[in-house]
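Chains, contacts and geometry: an overview
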Amino acid sequence: MARVVMASVGKMQPSAYAKGLRNFATYRYAQEFHATATKAGSPVVRAYLLGHALELYIKSFLLRAGLTSTLLKSKKYGHNLELLLTEAKSHGIEKLVRISPQMIEDLMKLNALYPESLRYFSLLHLLTQPKIPPLARLFRLANTLSKGLEKHVAVKP
């Protein structure tokens, strides 16, 4: 059984191993949302699940890059896919995965809906669904992130 060791001096801080487990768990959750998005029938649900998968993939990279979970949960980043990707690019995510300008454009379109319209159900969705951008490239982006980040966020004993 794996041990999670906490530092005992001063403020309690998770060990490097515990942080690695957190990063990998975030990545695995992304894979689960991604896999479920491929099977969802409703376009709104499909787009939401894919957006959440992309958010978690990017956050797993940023956690591994040294950003704190507190910062990533803050209002500055929250669920904003565009800001998260911009931050990931500044930390070198493109050394691991290729992200085309078209993927970024589609991500920006999804981001216009994802933080609010897709995350929270509205009765208005029963009358008119939000305009979902094409998801094909974003599914390719999720596939690329899944493959490209696997070794990067792997837990090292």
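Here, the structure is the one placed above.
Residues numbered from 1 in each chain as written. Predicted model: local features only at pLDDT ≥ 70, side-chain atom pairs only at ≥ 80, totals over all residues. Heavy atoms only, no water.

Within the chain one finds eight helices and zero strands. Each helix and strand of the chain, ordered N terminal to C terminal, gives the series α-α-α-α-α-α-α-α. In the chain, buried positions account for 41% of the 157 residues. Considering only contacts in the chain between residues 6 or more positions apart, those separated by 24 or more positions represent 70%. Per element, the accessible surface of the chain, about 9,300 Å² overall, is 59% carbon and sulfur. (Helix = DSSP H or I, 4+ residues; strand = E, 2+ residues; numbered from the N terminus. Buried < 20%, exposed > 50% of the residue type's maximum accessible area, 1.4 Å probe, protein only. Contact = heavy atoms within 4.5 Å. Areas by Shrake-Rupley, 256 points an atom, 1.4 Å probe, with all protein chains shown as cover.)

Counting 41 residues, the largest nonpolar core has Leu 54 and Leu 145 as the members making the most contacts within it. Among the secondary structure elements, those contributing two or more residues to this core are α1 (16-39), α2 (43-64), α4 (81-90), α5 (101-111), α6 (114-118) and α8 (136-149). The element contributing the most residues to this core is α2, with 12 residues. Once residues lying within four places of it in the same chain are set aside, the contact partners of Leu 145 are Tyr 27, Leu 54, Tyr 57, Ile 58, Ile 93 and Val 97. (Core = buried A, V, L, I, M, F, W, Y, C linked by side-chain atoms within 4.5 Å.)

This brings us to the packing of α2 against α8. Two measures define how a pair of helices packs: the angle their axes make with one another and the distance between the axes. Their axes nearest at 10 Å, the elements α2 and α8 cross at an angle of 30°. Viewed along their axes, α2 and α8 adopt a mutual orientation that is roughly parallel. In terms of crossing hand, the pair formed by α2 and α8 is left-handed. Seen from α2, the contacting residues are Arg 46, Leu 50, Leu 54, Tyr 57, Ile 58, Ser 60 and Phe 61; seen from α8, they are Leu 138, Phe 139, Leu 141, Ala 142, Leu 145, Ser 146 and Leu 149. Classifying every residue of the contact of α2 with α8 gives 11 nonpolar, two polar and one charged. (Axes fitted to C-alpha atoms, helices over the stretch in contact; angles between N-to-C directions. Parallel < 35°, antiparallel > 145°, perpendicular 65-115°, else oblique. Left-handed = near helix turned anticlockwise from the far one by under 90°. Nonpolar A, V, L, I, M, F, W, Y, C, P; charged D, E, K, R; others polar.)

With respect to the helices and strands, Glu 87 occurs in helix α4. Summary of buried charges: Glu 87 has no salt-bridge partner, and the nearest side chain of opposite charge, Lys 76, is 5.2 Å away. Contact partners of Glu 87, with chain neighbours within four places excluded, come to Leu 62, Leu 67 and Tyr 77. (Lys, Arg positive; Asp, Glu negative; His and termini not counted. Salt bridge = Lys/Arg side-chain N within 4 Å of Asp/Glu carboxyl O.)

Next up on the list: the environment of Lys 73. By secondary structure assignment, the location of Lys 73 is in helix α3 (residues 69-73). For Lys 73, a relative accessible area of 67% corresponds to the exposed category. Through-space distance from the C-alpha of Lys 73 to that of Lys 59 is 9.6 Å; in sequence the pair is 14 residues apart.

In this model, α2 (22 residues) spans 32 Å end to end at C-alpha, consistent with the 32 Å of a helix rising 1.5 Å per residue. Among the 22 residues in α2, 17 count as buried, and that is most of the element. Just beyond α2, the residue with positive phi is Gly 66, at close to 110°. (Expected span 1.5 Å × (residues − 1).)

Okay, the packing of α5 against α8 next. It is the contact of α5 with α8, at a shortest axis distance of 9 Å, that shows an interaxial angle of 110°. On the basis of their axis angle, the class for α5 and α8 is roughly perpendicular. Contacts between α5 and α8 involve Gln 102, Met 103, Asp 106, Leu 107 and Leu 110 from the former and Arg 137, Leu 138, Arg 140 and Leu 141 from the latter. Broken down by class, the residue content of the contact of α5 with α8 amounts to five nonpolar, one polar and three charged.

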